[in-house]
Amino acid sequence: MTYVLIVFIIFLVFYSNRYGWWKKSVSYSCPRILMYHQISHHIKGAKFNGLRVTPEMFEQQIAWLDEQGINFVTMKQLLAYGDEIPPKTVAITFDDGYEDNYTYALKILKKYNACATLYLVIDRHDNDWSIHKKEHHNSGELVKDKKLSDEQVKKLIDSGIIEIAAHTKTHANLSQLNKTEKTTEICGAREKLQQIFNIEITSFAYPFGIYDRDDLELVKNCGFHSAVTTHDGIDCNLLEPFELKRIKVSGKDNFYAFKLRVRTGKRGWRK
Ligand SMILES: [Zn+2]
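Residues numbered from 1 in each chain as written. Predicted model: local features only at pLDDT ≥ 70, side-chain atom pairs only at ≥ 80, totals over all residues. Heavy atoms only, no water.

Undergrad: How should the overall build of the protein be read in this particular structure?
TA: When helices and strands are counted, the protein shows 10 helices and 10 strands. The C-alpha atoms of the protein give 19 Å as radius of gyration, which agrees with the globular expectation for 271 residues (18 Å, within 12%). Its C-alpha atoms give the protein principal-axis dimensions of about 70 × 45 × 35 Å. Sequence-distant contacts in the protein: of pairs separated by 6 or more residues, those separated by 24 or more amount to 67%. For the protein, the computed accessible surface area is about 13200 Å², with 54% contributed by carbon and sulfur atoms. (Helix = DSSP H or I, 4+ residues; strand = E, 2+ residues; numbered from the N terminus. Rg over C-alpha atoms; globule rule 2.2 N^0.38 Å. Contact = heavy atoms within 4.5 Å. Areas by Shrake-Rupley, 256 points an atom, 1.4 Å probe, with all protein chains shown as cover.)

Spelled out as structure tokens, the structure:
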């Protein structure tokens, strides 16, 4: 009997650490910013399947959000509300610029009248940026996944439901750069995107979520109106929107974990 009780307590502690069923929901007056990378099938034995949300999972998630009466917005639209953000507002974001955002995500977003913001790397082809963070991440896995062509990006823009945003020129690790290099990566990326696609770029995402005070100032001074990080969570106040938290959507999560993340900002106790 004691044995069964001990096993049960261990299970409960483990489960409650992984799934924050016990946590209080963050009020739906606070907007959610969801962070996605790829909408694609998993690759057997691959290291980065967490970045790959399958099209089936993605549709299940968007359909569920739609059922909840979610007000889908782009980052520009979110910022335009000022301090009068309608309840149940969600901004879907994609980082980097994978081709599957066009081939799989777009039609699902359209089907549910949703929209999204795409933080696009300019030099995204043949660029293994995973090693910019950790040298040992040189598996070459992500470099093989196809990235969007400029033509596909134009089609995303023409759909009217995708905001294009900046994510530096090369997916740089900003902590390794000097001031001039940072300016090229941050301000240069904005100018270049505006020039290529003839649109105004006002939203930015820090690559790897790595940034310091100077980077934040630079982002502001280059003319961006907002910047998102990779810190897990939900911000209720968007008055200084240059360090916005996001809700990570992992391809390794189940649907319950997704709902917990939307409800509380994180899946479990700490992440
Ligand atoms: Zn990225």
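Now, onward.
Undergrad: What exactly am I supposed to notice about a nonpolar patch on the surface here?
TA: Nonpolar side chains collect at one region of the surface, where Leu5, Phe8, Ile9, Phe11, Leu12, Val13, Trp21, Trp22, Tyr256 and Trp269 lie side by side and expose about 1000 Å² of accessible area between them. Element by element, the count of residues in the nonpolar patch is highest for helix α1 (residues 2-18), at 6 residues. With respect to the secondary-structure elements, Leu12 resides in helix α1. On the basis of relative accessible area, Leu12 is assigned to the partly exposed category, the value being 38%. (Patch = residues over 30% accessible without salt bridge, like charges linked within 9 Å, V, L, I, M, F, W, Y side chains within 5 Å. Salt bridge = Lys/Arg side-chain N within 4 Å of Asp/Glu carboxyl O. Buried < 20%, exposed > 50% of the residue type's maximum accessible area, 1.4 Å probe, protein only.)

Undergrad: For this particular structure, what's the right way to read the packing of helix α8 (residues 179-197) against helix α9 (residues 213-221)?
TA: When two helices pack together, their arrangement is given by the angle between their axes and by how far apart the axes lie. Put simply, α8 and α9 touch, their axes get as near as 10 Å, and they point 45 degrees apart. Overall, the two elements α8 and α9 adopt an arrangement that is oblique. α9 is crossed by α8, and the crossing has right-handed handedness. For the pair formed by α8 and α9, the contact residues are Lys179, Lys182, Thr183, Ile186 and Cys187 on the first element and Asp215, Leu218 and Val219 on the second. Along the lines of polarity and charge, the residues of the contact of α8 with α9 split into 4 nonpolar, 1 polar and 3 charged. (Axes fitted to C-alpha atoms, helices over the stretch in contact; angles between N-to-C directions. Parallel < 35°, antiparallel > 145°, perpendicular 65-115°, else oblique. Left-handed = near helix turned anticlockwise from the far one by under 90°. Nonpolar A, V, L, I, M, F, W, Y, C, P; charged D, E, K, R; others polar.)

Undergrad: Looking at this structure, I do not really get the coordination of the zinc ion. What am I missing?
TA: Four donors placed tetrahedrally around a metal ideally meet at 109.5 degrees, and six donors placed octahedrally ideally meet at 90 or 180 degrees. For the zinc ion, the protein coordination sphere consists of Asp96 (OD), His167 (NE2) and His171 (NE2), at 2.1 to 2.2 Å. In primary sequence terms, the donor set of the zinc ion follows D-x70-H-x3-H. For the pair His167 and His171, one class covers both residues: buried. (Donors = N, O, S within 2.8 Å, 3.2 Å for Na, K, Ca; no water.)

Undergrad: Explain the pattern of salt bridges here, please?
TA: Any two side chains of opposite charge can pair if their charged atoms end up close together. Counting across every chain of the model gives 16 salt bridges. Arg190 serves as the salt-bridge partner of Glu200, at 3.7 Å between the closest nitrogen and oxygen. Taken as a pair, Glu200 in the loop between α8 and β8 (203-205) and Arg190 in helix α8 lie far apart in primary sequence, 10 residues in all. The partly exposed category is assigned to Glu200, whose relative accessible area is 46%. Take Arg190: its relative accessible area is 13%, and that puts it in the buried class. The shortest N-O distance in the salt bridge between Asp253 and Arg267 comes to 3.6 Å. In this pair, Asp253 is assigned in the loop between β10 (244-248) and α10 (255-264) and Arg267 in the segment after α10, connecting sequence segments 14 residues apart. Given a relative accessible area of 11%, Arg267 falls into the buried group. Through salt bridges with shared partners, a single network forms among Arg52, Glu141 and Asp145.

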